[in-house]
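The residues making up each chain are set out below.
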Amino acid sequence: MSFSLPKYWKVKKDRPIDGVANSRFISVSNEEPFAKDAYLIITRIDSVSLVNTLQNLIQQSRASYSKRKVEFGMLNEPKVEKIGNHEVLKANFETRVITNRNRGSFAVLHYKGKTFCFVSSINIKDKKANFSVADSVIKSLSVK
């Protein structure tokens, strides 16, 4: 599996998912000087239902943010979008802690026998410059 990252974005973690055969967990962050909180998490697992995978991501995120006392809300219903050559099931969300707001997206797709999940989050002030990071990575995704 390979993909392209924008300038300043760096892989922080790349490892198998504990207890999940043929899986991968990749964490990517924006390392640009003075950049606000921005991340992308990519997972790859054997093919499963896109709808169930997306619902699980939403439930897990809701629980995780709640534990950290972060407000979490969905901005739209999941819908199929074309990103590059890929059909992706995608939904957007927003988080807030006091006045700090982030916008993010969940995107899941089937590709060459695997299910890929992309979870991204960008500070709302930087969203115009960075919100398309997940889409650019999805467009560049290649599996051999």
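Every chain is numbered on its own, with residues counted from 1 as its sequence reads. Owing to the predicted nature of the model, reporting of local features is limited to residues with pLDDT of at least 70; listing and counting of side-chain atom pairs is limited to 80 or more, with chain, interface and lining totals taken over all residues. For the side-chain quantities, the full set of heavy atoms in the structure was used; hydrogens and water were omitted.

*Asks:* Looking at this structure, how should I read the layout of surface pockets?
*Replies:* The gaps of empty space that remain are located by a probe, the size of a water molecule, rolled over the atoms. Here the largest pocket is characterised by a volume of approximately 600 Å³. In terms of lining residues, the largest pocket is bounded by 22 residues, among which Ile-41, Thr-43, Leu-57, Gln-60 and Val-119 are the most central. Only DSSP runs of H or I reaching four residues or more are called helices, and only runs of E reaching two or more are called strands; each is numbered from the N terminus. Of all the secondary structure elements, the ones that give two or more residues to the lining of the largest pocket are strand 3 (38–46), helix 1 (50–67) and strand 8 (114–123). At 8 residues, helix 1 tops the list of elements feeding residues into the lining of the largest pocket. Looking at the lining of the largest pocket residue by residue, the class counts come to 13 nonpolar, 7 polar and 2 charged. Buriedness of a pocket was judged along seven lines, with at least five required to meet protein on both sides within 12 Å; pockets are open sets of points on a 1 Å grid over the protein atoms alone, cavities are sets where a 1.4 Å probe fits but cannot get out, and lining residues have an atom within 4 Å of a point. Grid points are joined across faces, edges and corners, and a volume is the space filled by probe spheres set on the points. Roughly 150 Å³ of internal volume is contained in the second largest pocket. Along its surface, the second largest pocket is lined by Asp-37, Tyr-39, Tyr-65, Arg-68, Val-70, Thr-95, Arg-96, Val-97, Asn-100, Arg-101, Asn-102 and Ser-121. For the lining of the second largest pocket, the elements supplying multiple residues, two or more each, are strand 6 (86–97) and strand 7 (100–111). Charged residues are taken to be Asp, Glu, Lys and Arg, nonpolar residues to be Ala, Val, Leu, Ile, Met, Phe, Trp, Tyr, Cys and Pro, and polar residues to be all remaining types, Gly included. Looking at the lining of the second largest pocket, its residues break down into 4 nonpolar, 4 polar and 4 charged.

*Asks:* Help me understand the nonpolar core in this model?
*Replies:* Nonpolar side chains in soluble globular proteins generally cluster together in the buried interior. Side-chain atoms within 4.5 Å link the members of a nonpolar core, which is a set of buried Ala, Val, Leu, Ile, Met, Phe, Trp, Tyr and Cys residues. Each residue's exposure class comes from its accessible area (1.4 Å probe, protein chains only) as a fraction of the maximum for that residue type: buried when under 20%, exposed when over 50%, partly exposed otherwise. Core analysis: the biggest nonpolar cluster contains 20 residues, and Trp-9, Leu-40, Leu-109, Phe-116, Phe-118 and Ile-138 have the highest contact counts within it. With 4 residues, helix 3 (residues 133–140) is the single largest residue contributor to this core. By definition, residues are in contact when any of their heavy atoms lie within 4.5 Å. Every residue in contact with Phe-116, bar those within four places of it in the chain, is listed here: Met-1, Thr-43, Arg-44, Ala-107, Val-108, Leu-109, Tyr-111, Leu-141 and Val-143. Grouped together as the second largest cluster of nonpolar side chains are 15 residues, Tyr-39, Leu-57, Ala-91 and Val-119 included.

*Asks:* Is there a simple way to explain the confidence of the model for the protein in this structure?
*Replies:* It should be kept in mind that the predicted coordinates are not to be read in detail where pLDDT is low. The predictor reports its confidence for every residue as pLDDT, a score running from 0 up to 100. This prediction gives the protein a mean pLDDT of 89; 96% of its residues lie at or above 70. By mean pLDDT, the top-scoring element of the protein is strand 4 (residues 71–74) (96), and the lowest-scoring one is helix 2 (residues 127–130) (55).

*Asks:* Would you take a moment to explain the pairing of strand 2 (residues 24–30) for this structure?
*Replies:* As a general feature of sheets, a regular strand has side chains that alternate between the two faces. With 6 of its 7 residues buried, strand 2 lies for the most part within the structure. Strands are treated as partners if at least two bridges between them are detected by DSSP. In this structure, strand 1 (residues 9–15) lies alongside strand 2, joined through 6 bridges in antiparallel fashion. Note on strand 2: the bridge partner recorded for Val-11 is Val-28. Bridge count for strand 2 against strand 3 is 6 bridges, and the pairing is antiparallel. Bridging from a neighbouring strand, Ser-27 pairs with Ile-41 of strand 3.

*Asks:* Looking at this structure, I do not really get helix 1. What am I missing?
*Replies:* Helix span, expected: 1.5 Å multiplied by one less than the number of residues in the helix. Between its first and last C-alpha, helix 1 extends 26 Å over 18 residues, near the 26 Å set by a 1.5 Å rise per residue. Residues of helix 1 that are buried: Leu-50, Thr-53, Leu-54, Leu-57, Ile-58, Ser-61 and Tyr-65. Seen along its axis, helix 1 keeps its buried residues to an arc of 135 degrees; they face one direction. What points out from helix 1, more than 90 degrees from its buried face, is the exposed set Val-51, Gln-60 and Lys-67. Where helix 1 is buried, its residues contact strand 3, strand 4, strand 6, strand 7 and strand 8. The opening residue of helix 1 is Ser-49, an N-cap whose side-chain oxygen sits 3.4 Å from the backbone nitrogen of Val-51. What the arc describes is the spread of directions from the helix axis to the C-beta atoms. Whenever two N or O atoms come within 3.5 Å, that pair is a polar contact, provided that in protein one can donate a hydrogen and the other can accept it, and provided that, for residues adjacent in sequence, both atoms are side-chain atoms.

*Asks:* Looking at this structure, I do not really get unusual backbone geometry. What am I missing?
*Replies:* The backbone phi angle of Ile-98 is positive, close to 55 degrees, even though this residue is not glycine. Looking at where Ile-98 falls in the secondary structure, it is placed in the loop between strand 6 and strand 7. By relative accessible area, Ile-98 is classed as exposed at 76%. For Lys-112, which is not glycine, the phi dihedral falls at a positive 50 degrees. With respect to the secondary-structure elements, Lys-112 resides in the loop between strand 7 and strand 8.

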